[in-house]
Amino acid sequence: MSHQVYAFEPPERFVAGTVGAPGERTFFLQARGGGRLVSVALEKVQVTLLAEKLEELLLEAQRRFGVDLPDTAAVDTSDNEPLDTPLDEEFRVGTLGLAFDVDTATVVIEAIAVGDDEVEEVEEEDDDELVIADRDRLRVRLTPQATRAFIDRAKRVVASGRPPCPLCGQPLDARGHLCPRHNGYRR
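Residues numbered from 1 in each chain as written. Predicted model: local features only at pLDDT ≥ 70, side-chain atom pairs only at ≥ 80, totals over all residues. Heavy atoms only, no water.

Visitor: Hey, could you run me through the overall build of the protein chain in this one?
Guide: On a plain count of helices and strands, the protein chain comes out with two helices and nine strands. In the protein chain, the succession of helices and strands from N to C terminus is β-β-β-β-α-β-β-β-β-β-α. Partitioning the intrachain contacts of the protein chain with sequence separation of at least 6 by distance along the chain shows that 57% fall at a separation of at least 24. Carbon and sulfur atoms form 47% of the exposed surface of the protein chain, whose accessible area is close to 11300 Å². (Helix = DSSP H or I, 4+ residues; strand = E, 2+ residues; numbered from the N terminus. Contact = heavy atoms within 4.5 Å. Areas by Shrake-Rupley, 256 points an atom, 1.4 Å probe, with all protein chains shown as cover.)

So this is what it looks like as structure tokens:
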């Protein structure tokens, strides 16, 4: 079965965004470039972890390879625009991969579609390697500055949802909240 690789190296725009009301939102990664628009759906926790791990990756690249990182205050964070339309989900993300390409000083983000056979074992020159079976994937290559802008927007998108309960940290629902810190009583 063939798979599709949507590569944007670099994209004109790469953002995390949502559709829907807080508590019922669907999260997307969206890349635009070269007359193409690709949107992939993922979970809120994946967006949160992606932003956190990208920050760690940038700091590690700076520490290990001496990569010049832009100052957080100098990054253009003015992209508050909604997701581009038409919003057609290409696939749902199951696995996210991150890498730093030292030769080009860019961050590579790869979002891989959910699959039944998540991992298969392959033998290659006496080394056992785990490889993800062929599935659709979105691959984006970003500069450190564009990565910082993505991180900032992703954090704002996640934070714009329901406020957390001050006791347990779970999201507060407009209809009430069963807080485990109150032994299940509604707040």
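Here the narrative resumes.
Visitor: I keep staring at the pattern of salt bridges and nothing clicks. Help me out?
Guide: Any two side chains of opposite charge can pair if their charged atoms end up close together. Applying the stated criterion across every chain, the model contains 15 salt bridges. Ionic pairing is found between aspartate 79 and arginine 153, a salt bridge with its closest N-O pair at 3.3 Å. With aspartate 79 in the loop between α1 (44-65) and β5 (89-101) and arginine 153 in helix α2 (residues 144-159), this residue pair connects regions lying 74 residues apart in the sequence. For aspartate 79, a relative accessible area of 26% gives the class partly exposed. By relative accessible area, which is 8% here, arginine 153 ends up buried. (Salt bridge = Lys/Arg side-chain N within 4 Å of Asp/Glu carboxyl O. Buried < 20%, exposed > 50% of the residue type's maximum accessible area, 1.4 Å probe, protein only.)

Visitor: Is there a simple way to think about unusual backbone geometry in this case?
Guide: Backbone geometry follows two general trends: most residues other than glycine have a negative phi, and most peptide bonds adopt the trans configuration. With omega at 0°, the peptide bond leading from glutamate 9 into proline 10 counts as cis. Note that proline 10 resides in the loop between β1 (5-8) and β2 (13-19). In the segment running from threonine 85 into proline 86, the intervening peptide bond is cis, with an omega of 5°. Relative to the helices and strands, proline 86 resides in the loop between α1 and β5. Even without being a glycine, alanine 105 presents a positive backbone phi close to 55°. Examined against the element boundaries, alanine 105 turns out to sit in the loop between β5 and β6 (106-113). A relative accessible area of 32% places alanine 105 in the partly exposed class.

Visitor: What exactly am I supposed to notice about the packing of α1 against α2 here?
Guide: Helix-helix packing: each pair is described by the crossing angle between the helix axes and the interaxial distance. Interaxial distance between α1 and α2 falls to 9 Å at its minimum, and their mutual angle equals 145°. Crossing angle aside, the handedness with which α1 passes α2 is left-handed. Together, Lys44, Val47, Thr48, Leu50, Ala51, Leu54, Glu55 and Leu58 of α1 and Pro144, Thr147, Arg148, Phe150, Ile151, Ala154, Lys155 and Val158 of α2 make up the contact between the two elements. Across the contact of α1 with α2, the residue classes tally to ten nonpolar, two polar and four charged. (Axes fitted to C-alpha atoms, helices over the stretch in contact; angles between N-to-C directions. Left-handed = near helix turned anticlockwise from the far one by under 90°. Nonpolar A, V, L, I, M, F, W, Y, C, P; charged D, E, K, R; others polar.)

Visitor: I tried to follow the sheet that holds β2 on my own but got confused; where do I start?
Guide: Strand pairing in a sheet takes place through backbone hydrogen bonds and is either antiparallel or parallel in direction. If you walk across this open sheet you meet the seven strands as β1-β9-β6-β5-β4-β3-β2, and the pairing is mixed. The open sheet has two edge strands with one neighbour each: β1 and β2. Between one strand axis and the next, the sheet turns by 30° as a mean value, whatever way the strands run. Where β1 meets strand β9 (residues 137-142), four bridges bridge the pair, whose relative direction is parallel. Note that in β9 the partner of phenylalanine 8 across the bridge is valine 140. Set on the sheet, α1 makes contact with β2, β3 (26-33), β4 (36-42), β5 and β6; between it and β5 the angle comes to about 15°. Along the sheet, α2 makes contact with β2, β3, β6 and β9, crossing β2 at roughly 5°. (Pairing = 2+ DSSP bridges.)

Visitor: Mind showing me how you'd approach the confidence of the model for the protein chain here?
Guide: If pLDDT is low for a region, its predicted coordinates should not be looked at in detail. Of all residues in the protein chain, 84% have pLDDT values of 70 or greater, and the mean over the chain is 87. A low-confidence stretch, residues 118-124 stays under pLDDT 50, and its non-local contacts, those more than four residues away or across chains, total 19 contacts. (pLDDT = per-residue confidence, 0-100.)

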